[in-house]
Amino acid sequence: MFRTALRNVFAHKARLLMTVLAVMLGVAFVSGTLVFTNTISEAYQKSSAKGFDQVDVAVEPETQEDKGDTVGKTAELTQSLLDESARVPGAASAIGVVNGFTAIADKDGKLIGGGFQSQGGNYWGTKDARYPLVSGQVPSGAGEVLIDSKTAKRAGYEVGDTVRLSVDGPVLDPKITGIFTTDDGNVAAGGSLALFDTATAQRLFGKTGTYDQIDVRAKAGVSQAALKAELDKALPKDTVETTTGQELADSQAEMISSSMSGLKQGLLVFAGIALFVGTFIIANTFTMLVAQRTKELALLRAVGASRRQVTRSVLIEAFVVGVVAAVTGLAAGIGIGAGLRSLMGSLGATVPDGPLIITPGTVGAALAVGVLVTMLAAWLPGRRAAKIPPVAAMSSLYAAATTKSLVLRNTLGALFSGAGIAVVLAATTMSGSDGQAPMGLGAVLLIIGVFILTPLLSRPLIAAAAPVLRVFGVSGKLARQNSVRNPRRTAATASALMIGLTLITGMTVMAGSLQKSIDKMAASAIKADYVVSMANGNELSPDVEKKLGRIDDVTATSPLRNAPSRIDGETEYLTGVTGSTIGELTDLKIDSGAFKVGGTQVVVDDKTATSHGWKAGSGFTVSYEDGKKQKLTVTGVYEGNEMIQGIILDNATLSPHQSDPADMQVMVKTSDGTSGATKDQLEKALGSNPAIKVQDKKDLSDEIAQMFTLMLNMLYGLLAMAVLVAVLGVINTLAMSVFERSQEIGMLRAIGLDRRGIKRMVRLESLVICLFGGVLGIGLGVFFGWAAGELLGSSLATYELVLPWARMAVFLLLAATVGVLAALWPARRAGRLNMLAAIKSE
């Protein structure tokens with residue numbers, strides 16, 4: 001039986017080609033994901049580990065927990081702690097580390113590094129081992145700075161050039177006195193690093209006389225653990241915590257691995273979808289092969305082969321196909337992993353140097369996935385083959401499904417679909433995360449149910465296309481009849497495409513609806529003409545609001561300032577605003593009371609009011625971060641949203657209790673409203689700072705749209721693999737169907753249907769099957785998009801369903817295009833069949 005199975009594989013290698021390709025693509029996706037993420041993770045881990053070479057023990061400030069009415073504070077690392085750390089037995093030296101956000105602009109005024117990885121720090125003394133100088137000299141005073149060599153190379157900066165910097169808003173123009181090299185992971189990943197002398201760095205980052213960290217080097221022969229023990233004895237335990245350099249490196253490596261794990265899991269989900277779609281092709285292929293070889297299998301049964309041996313022979317064929325697909329998929333995946341790394345570099349993302357990582361786990365996963373998926377998908381066709389009685393098989397090409405089996409299938413499909421719909425509808429009544437798991441379970445049940453019912457659904461839906469197909473005459477009529485001749489085959493072929501389009505449509509509906517709701521929220525909550533913020537989301541200096549307020553055309557400004565507090569034993573964040581102008585800049589819906597902010601009068605959002613049992617006129621005591629308490633009065637309760645929520649009070653009341661006031665954003669109202677000239681005026685007043693964004697409502701909307709478009713394009717790209725596998729399935733089914741119906745096609749040619757008519761028949765059959773899958777996929781996608789939106793609507797008041805009719809039409813057109821393209825080769829093959837040879841074939 002083993003030799004028989006191998007001969008069958010070689011005899012039908014052309015018909016198994018599409019199956020191999022489908023499995024190969026899925027395996028390539030899996031192995032490529034593993035190679036890419038392992039390679040990137042390893043490169044970043046090694047790069048970050050180098051950054052701790054100069055640290056034997058790090059001393060960091062301890063952060064106290066919020067307790068009672070006291071807001072937890074972060075201890076300060078003072079000069080006395082630094083001196084004490086340096087005197088500890090076993091310590092060779094100790095340096096104070098200061099760091100913070102520092103944006104660097106290139107010579108065209110554009111931000112280098114995207115902002116999120118733009119860092120600043122201090123250069124310690126006259127020679128800092130962390131940052132070897134390549135050229136120039138150490139900085140001295142506020143007008144001098146060092147920049148890393150990679151940033152200097154990218155921007156074309158040299159020693160002596162003036163560079164534009166920004167720490168928290170205001171523009172700085174220091175001179176570059178030197179260029180240094182570094183193993184800092186952020187720089188290796190494409191970020192930038194600027195270094196000031198220690199006093200300047202402390203002043204710029206708001207840490208005068210204090211440090212973020214103290215790095216202690218051990219004397220020769222002293223281990224990191226021994227030095228840590230000495231530091232723990234000497235330093236106050238309630239103020240600082242100590243960590244060895246190796247522990248820091250391990251923690252950083254674990255953090256990198258964790259972040260890569262999320263990316264890996266996300267990519268593997270889409271690889272799993274492609275493989276799941278591939279199972280339809282495998283099952284379809286082996287079902288058709290078994291049907292075409294019924295007489296051969298019957299003969300084997302007649303000469304003594306048992307049912308188990310027949311099933312085993314089919315599984316052996318699947319095993320060989322799986323091994324071939326897995327090996328070629330692994331090779332392709334290694335190429336994909338290397339290609340993705342190169343692609344990141346070409347797109348501007350800097351990746352640390354390192355070898356391509358191919359672990360035994362990657363090889364094992366690729367082989368296991370390829371073989372197991374293929375054999376599992378082929379098991380049911382093999383089991384069916386073994387159940388056909390030899391005598392019945394000798395007298396027919398294949399055994400049609402019995403009425404009992406069809407009734408059982410339809411009943412099972414109806415139960416799964418009904419249960420899925422019920423669970424999804426129940427999930428829409430839940431709130432937030434509580435409904436996510438039921439929603440996922442319901443979606444899986446419904447997809448399984450629809451798949452089981454697809455043969456039943458195929459007849460009425462394909463029959464609906466009959467009026468259109470009549471236009472194509474005999475070819476159209478035959479195409480419709482061929483599409484429903486074997487409903488199970490049609491169902492399996494259409495379902496592969498249905499799954500991809502379900503996911504694509506559902507995500508498109510959700511993204512469009514979310515974008516619309518956020519646009520609506522911004523339009524309804526904000527009356528300000530412009531919102532000013534840092535490009536990376538960091539805090540703004542209060543000087544920004546002052547500069548904006550001095551512009552003649554600006555009629556009102558208000559910063560949004562956040563601060564922690566303790567109320568009734570719980571931590572609540574306060575939002576500070578300018579009480580006299582906030583009413584001109586926002587348009588919040590008031591549920592009760594009045595919108596009055598000033599002195600001890602505050603307004604609170606509905607959720608906070610409900611949680612504390614407050615209403616208009618209620619009073620409460622707040623404990624600020626400096627430990628002082630104050631009695632505040634609620635003047636109104638407003639309807640909160642994702643943009644503005646919480647307790648709003650006047651900055652004049654809040655700021656005296658903050659050690660370092662800073663603004664998250666500044667809202668601006670101008671006399672002329674929004675215009676290009678007004679926006680330019682605001683930007684120039686801020687020094688044309690590339691690290692600051694000046695946005696009107698349209699800019700905010702465009703930014704949101706760009707984010708959703710990028711997300712959707714990434715998802716479309718990832719799901720394209722599943723659609724490609726579905727295309728292979730259509731090609732495979734049609735090609736094997738043409739082979740199976742060779743005699744019939746020959747008879748059609750003999751009675752007058754020309755080659756063009758034969759080709760048209762195959763193309764229309766493909767078109768009908770793909771449109772059937774497209775309609776089911778889009779319908780399910782809309783339902784899931786609606787259901788997910790209802791779940792989100794419980795926490796997003798402005799949510800409303802938006803059906804992207806234009807995109808859904810494009811998806812349907814895509815399904816039709818898939819049908820036309822997939823039929824090219826099978827139609828050409830059918831048209832070229834020799835009439836007499838086809839009639840004589842069995």
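Residues numbered from 1 in each chain as written. Predicted model: local features only at pLDDT ≥ 70, side-chain atom pairs only at ≥ 80, totals over all residues. Heavy atoms only, no water.

**Observations regarding the overall build of the chain**
1) Next: The helix and strand tally for the chain stands at 28 helices and 25 strands.
2) Next: Overall, the C-alpha framework of the chain stretches about 95 × 70 × 50 Å when taken along its three principal axes.
3) Next: Going through the 842 residues of the chain one by one, you find that 49% of them count as buried.
4) Next: Pairs at least 24 residues apart make up 81% of the contacts formed inside the chain by residues separated by at least 6 positions.
5) Next: Approximately 37700 Å² of the chain is accessible, and the part contributed by carbon and sulfur atoms is 59%. (Helix = DSSP H or I, 4+ residues; strand = E, 2+ residues; numbered from the N terminus. Buried < 20%, exposed > 50% of the residue type's maximum accessible area, 1.4 Å probe, protein only. Contact = heavy atoms within 4.5 Å. Areas by Shrake-Rupley, 256 points an atom, 1.4 Å probe, with all protein chains shown as cover.)

**Section: the domain arrangement of the chain**
1) Next: As far as domains go, the chain holds domain 1 (52-254), domain 2 (454-525 + 699-842) and domain 3 (530-695).
2) Next: Domain 1 and domain 2 are separated by 57 Å when their C-alpha centres are compared. (Domains from an automatic or database assignment.)

**Side note on a nonpolar patch on the surface**
1) Next: Taken together, Ile336, Leu340 and Leu343 make up a surface patch of nonpolar side chains, about 210 Å² in accessible area.
2) Next: With respect to the element layout, Leu343 can be found in helix H10 (residues 307-346).
3) Next: For Leu343, a relative accessible area of 42% corresponds to the partly exposed category. (Patch = residues over 30% accessible without salt bridge, like charges linked within 9 Å, V, L, I, M, F, W, Y side chains within 5 Å. Salt bridge = Lys/Arg side-chain N within 4 Å of Asp/Glu carboxyl O.)

**Some details on the pattern of salt bridges**
1) Next: Applying the stated criterion across every chain, the model contains nine salt bridges.
2) Next: A salt bridge links Lys207 to Asp212; the shortest N-O distance between them is 2.8 Å.
3) Next: The class of Asp212 is partly exposed, set by a relative accessible area of 23%.
4) Next: Among the salt bridges present, the one from Asp702 reaches Lys698, with a minimum N-O distance of 2.9 Å. Here the residue Asp702 and the residue Lys698 both occupy positions in helix H23 (residues 697-740), the gap between them amounting to four residues, near one helical turn.

**Remarks on the sheet that holds strand E10 (residues 171-172)**
1) Next: Taken in spatial order, the three strands of this open sheet run E5-E9-E10, and their pairing is antiparallel. The strands lining the two open edges of the sheet, one partner per strand, are strand E5 (103-104) and E10.
2) Next: Summarising the sheet, strand E9 (residues 165-166) and E10 pair through two bridges and their orientation is antiparallel. Across the sheet, Leu165 pairs through a bridge with Leu172, a residue of E10. (Pairing = 2+ DSSP bridges.)

**Describing the side chain of Gln695**
1) Next: Positionally, Gln695 belongs in strand E25 (residues 692-695).
2) Next: Residue classification places Gln695 among the buried residues on the basis of a relative accessible area of 8%.
3) Next: For Gln695, the residues in contact, after removing those within four places along its chain, are Asp529, Tyr530, Val531, Ser533, Leu700 and Glu703.

**Regarding unusual backbone geometry**
Working note: non-glycine residues mostly have negative phi, and peptide bonds are mostly trans.
1) Next: Here Asp568, not a glycine, exhibits a phi torsion of approximately 55 degrees, which is positive.
2) Next: Asp568 sits in the exposed class, given a relative accessible area of 54%.
3) Next: One non-glycine residue, Ser688, lies in the positive phi region at around 50 degrees.
4) Next: One can find Ser688 in the loop between helix H22 (676-685) and E25.
5) Next: According to the relative accessible area criterion, Ser688 is partly exposed, its value standing at 44%.

**Structural notes on the sheet that holds strand E8 (residues 144-148)**
1) Next: Strand order across the open sheet formed by six strands is E4-E6-E12-E8-E11-E7, with mixed pairing between neighbours. A strand with exactly one partner marks an edge of an open sheet, and here the two such strands are strand E4 (99-101) and strand E7 (133-136). The mean inter-strand angle of the sheet, taken between neighbouring strand axes irrespective of direction, is 30 degrees.
2) Next: In this sheet, strand E12 (residues 192-197) lies alongside strand E6 (residues 118-123) in parallel orientation, the contact comprising six bridges. Following the sheet pairing, Asn122 is matched in E12 by Phe196. (Axes fitted to C-alpha atoms, helices over the stretch in contact; angles between N-to-C directions.)

**As for the packing of aromatic side chains**
1) Next: Summed over all chains, the structure comprises seven aromatic pairs.
2) Next: If you follow Arg409 out to its NZ or CZ, it ends over the ring of Phe451, 5.9 Å from the centre. (Phe/Tyr/Trp six-rings, centres within 6.5 Å; stacked < 30°, edge-to-face > 60°. Lys NZ or Arg CZ within 6 Å of the ring centre and 35° of its normal.)

**A closer look at helix H24 (residues 742-750)**
1) Next: Where H24 is concerned, the buried positions are Ser742, Ile745, Gly746, Leu748 and Arg749. For H24, the angular spread of buried residues about the axis comes to 160 degrees, placing them on one side.
2) Next: Positioned one or two residues after H24, Gly752 has a phi angle of 120 degrees, which is positive. (Arc of directions from axis to C-beta.)

**Focus: the pairing of strand E24 (residues 665-670)**
1) Next: One ladder, built from three bridges, connects strand E16 (residues 530-534) with E24; its direction is antiparallel. In the sheet register, Tyr530 faces E24, and the bridge partner there is Val668.
2) Next: Pairing of strand E17 (residues 554-567) with E24, which is carried by six bridges, proceeds in the antiparallel orientation. Directly across from Leu560, in E24, lies its bridge partner Gln665.

**Examining the nonpolar core**
1) Next: Val277 and Leu497 are the most contacted members of the largest nonpolar core, which has 60 residues in total.
2) Next: The element that contributes the greatest number of residues to this core is H23, accounting for twelve residues.
3) Next: Not counting residues within four places of it along the chain, the set of residues in contact with Val277 comprises Ala496, Ile499, Ala722, Val725 and Ala726.
4) Next: With 34 residues, the next largest nonpolar core counts Leu82, Val88, Val98 and Ile104 among its residues. (Core = buried A, V, L, I, M, F, W, Y, C linked by side-chain atoms within 4.5 Å.)

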